[in-house]
Amino acid sequence: MRQVLAAAKFSFRGFWKNPRVVLTFLLGFVLSYLLSTRIMVVIEAYHTPVQAVEPFLWTFGDSTAILLSSLLLLLLFADLPGLTPVSPYYLIRMTRKKWLAGELLYVAAATLLYTGFMLLSTVLLCMKNSYVGDIWSETAAMLAYSKLGQNLSVPSTVKVMESMPPYLCMVQVAALIFLYSLCLSFVILAGNLIFKGNKGMIAGLLFSGFGFLLDPQTIGTILGLESYEMYKVNVLAGWVSPLSHAVYARHNFGYDRLPTVRQSLLVFGGLLLFLVLISLKALKRYPFTFLGEKE
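The rules behind the values
Residues numbered from 1 in each chain as written. Predicted model: local features only at pLDDT ≥ 70, side-chain atom pairs only at ≥ 80, totals over all residues. Heavy atoms only, no water. Helix = DSSP H or I, 4+ residues; strand = E, 2+ residues; numbered from the N terminus. Buried < 20%, exposed > 50% of the residue type's maximum accessible area, 1.4 Å probe, protein only. Areas by Shrake-Rupley, 256 points an atom, 1.4 Å probe, with all protein chains shown as cover. Patch = residues over 30% accessible without salt bridge, like charges linked within 9 Å, V, L, I, M, F, W, Y side chains within 5 Å. Salt bridge = Lys/Arg side-chain N within 4 Å of Asp/Glu carboxyl O. Lys, Arg positive; Asp, Glu negative; His and termini not counted. Charge placed at Lys NZ, Arg CZ, Asp CG, Glu CD. Phe/Tyr/Trp six-rings, centres within 6.5 Å; stacked < 30°, edge-to-face > 60°. Axes fitted to C-alpha atoms, helices over the stretch in contact; angles between N-to-C directions. Parallel < 35°, antiparallel > 145°, perpendicular 65-115°, else oblique. Contact = heavy atoms within 4.5 Å. Nonpolar A, V, L, I, M, F, W, Y, C, P; charged D, E, K, R; others polar. Expected span 1.5 Å × (residues − 1). Bend = angle between axes of the 7 residues up to and from the residue. Polar contact = N/O pair within 3.5 Å; in protein donor to acceptor, adjacent residues only side chain to side chain. Core = buried A, V, L, I, M, F, W, Y, C linked by side-chain atoms within 4.5 Å.

Let's hear about the overall build of the chain: which residues, and what values?
Secondary structure summary: the chain contains 15 helices and 2 strands in total. Taking all 295 residues of the chain together, 48% fall into the buried category. About 15,400 Å² of surface is accessible on the chain, with carbon and sulfur atoms providing 66% of the total.

The structure is reproduced here in structure tokens:
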């Protein structure tokens, strides 16, 4: 375990000095600001406060916002697996499995850091008009019980507010987003190991595109379905699409046949296990080549 932690720690060396990392987090903050503006408009117009984590729940409560935020990970993990002149030092002192475990731990920690950063960004952007008490705000009630939330595309729903308090809801939403982002990150790593080079970015784009094409609204638009025909599409997409599993509002709260949050967590866990096994198999054939200085 000490060797795995050492490999992961080495991958974080110079993390904040990497231009791609800095650009990813800057773009993440800009994205959070742009998506939060619809919430800020309501706060300023009605002069009502919000609970501290509510902006995060509303900002990243739909498939488009989650898809856009996760695509930034393509930039963050474009060069996986990270091979440097020091990598041979680790590879001759540990097995390939331990080295890969260190890479996986690095990816998981970086993805968790990115998810936490997006949460913190939305909290800071609205902190002037927020409170920390674990109770839904008047703004949330106004968005949920009127058509205002629907008109602004803010996913504040009565069934969510009746199910749990804000902080517990935040934990579940953050867990779903983190696991979806982690799956995308592992797809990039597995793609780079299988196809060599930076082909993992293509695999990541295909993974994201698959979720986008299985979005119920996208399917309904393509097939020209009426609103009464969308129920079966919503249920099918809710089970098949990884992106739908990441959207908190598309879960079963006792009213339909959509997956529960626990079932979505199990689906992500199974997908992550599959990607790890694929990466281990690809690692056996991965050609580690380190060229010296050319004279």
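Residue-level account of a nonpolar patch on the surface, with values.
Nonpolar side chains collect at one region of the surface, where Phe210, Leu236, Trp239 and Val240 lie side by side and expose about 390 Å² of accessible area between them. When residues in the nonpolar patch are grouped by element, the largest group, 3 residues, is from helix α13 (residues 230-240). Considering the arrangement of structural elements, one finds Phe210 in helix α11 (residues 200-213). Exposure remark for Phe210: the relative accessible area of 39% places this residue in the partly exposed category.

Just give me the short version of a positive patch on the surface, but keep the residues and values in it.
A cluster of basic residues, Lys97, Lys281, Lys284 and Arg285, forms a positive patch on the protein surface. Of note, Arg285 is situated in the segment after α15 (261-283). Note on Arg285: relative accessible area 57%, which makes it exposed.

I'd love a proper account of the packing of aromatic side chains, names of residues and values included.
Counting across every chain of the model gives 6 aromatic pairs. Here a set of aromatic residues connected by ring pairs shows up, and it is made of Trp16, Phe25, Tyr114 and Phe117.

Lay out the pattern of salt bridges with the relevant residues and their values.
In this structure the tally under the stated criterion is 1 salt bridge. The salt bridge involving Arg250 is made with Asp215; its shortest N-O contact spans 2.9 Å. Remark: Asp215 occurs in the loop between α11 and α12 (216-223) and Arg250 occurs in the loop between α14 (242-246) and α15; sequence separation between them is 35 residues. For Asp215, a relative accessible area of 6% gives the class buried.

So what's going on with the packing of helix α4 (residues 63-76) against α11? Which residues, and what values?
The interhelical angle for the contact between α4 and α11, taken along N-to-C directions, is 170°, at an axis separation of 10 Å. Judged by the angle between their axes, α4 and α11 are roughly antiparallel. Contacts between α4 and α11 pair Leu67, Leu71 and Leu74 from the former with Met201, Gly204, Leu205, Ser208 and Phe212 from the latter. Looking at the contact of α4 with α11, its residues break down into 6 nonpolar, 2 polar and no charged.

Tell me about helix α2 (residues 19-46), and please be specific about residues and values.
Taking 1.5 Å of rise per residue, 28 residues should cover 40 Å, and α2 covers 41 Å from first to last C-alpha, within 8% of that figure. A bend of about 40° at Thr37 is the largest found in α2. N-capping of α2 is provided by Asn18, with a side-chain oxygen placed 3.0 Å from the backbone N of Arg20.

I'd love a proper account of the environment of Val132, names of residues and values included.
Residue placement: Val132 occurs in the loop between β2 (130-131) and α7 (138-145). The class of Val132 is exposed, set by a relative accessible area of 64%. Taking C-alpha positions, Val132 is 9.5 Å from Tyr167, a pair spaced 35 residues apart along the chain. With residues near it in sequence (within four places) discarded, Val132 still touches Gln51, Ala52 and Tyr167.

Give a detailed account of the nonpolar core, specifying residues and quantitative values.
Residues Phe56, Leu57, Phe77, Cys169, Tyr180 and Tyr248 are the most contacted members of the largest nonpolar core, which totals 69 residues. A per-element tally of this core places helix α10 (residues 166-195) first, with 17 residues.

Give me the lowdown on the environment of Ala237, citing residues and values where you can.
Examined against the element boundaries, Ala237 turns out to sit in helix α13. Each C-alpha atom of the pair Ala237 and Asp215 lies 6.5 Å from the other, and the pair is 22 residues apart in sequence. Not counting residues up to four positions away in its chain, the partners in contact with Ala237 are Leu214, Pro216 and Ser244.

If you had to explain α12 to someone new, which residues and values would you point to?
Within the span of α12, buried status applies to Pro216, Thr218, Ile219 and Gly220. Tucked inside the fold, the buried residues of α12 contact α11, α13 and α14. Once α12 ends, the next one or two residues include Gly224, with phi positive near 65°.

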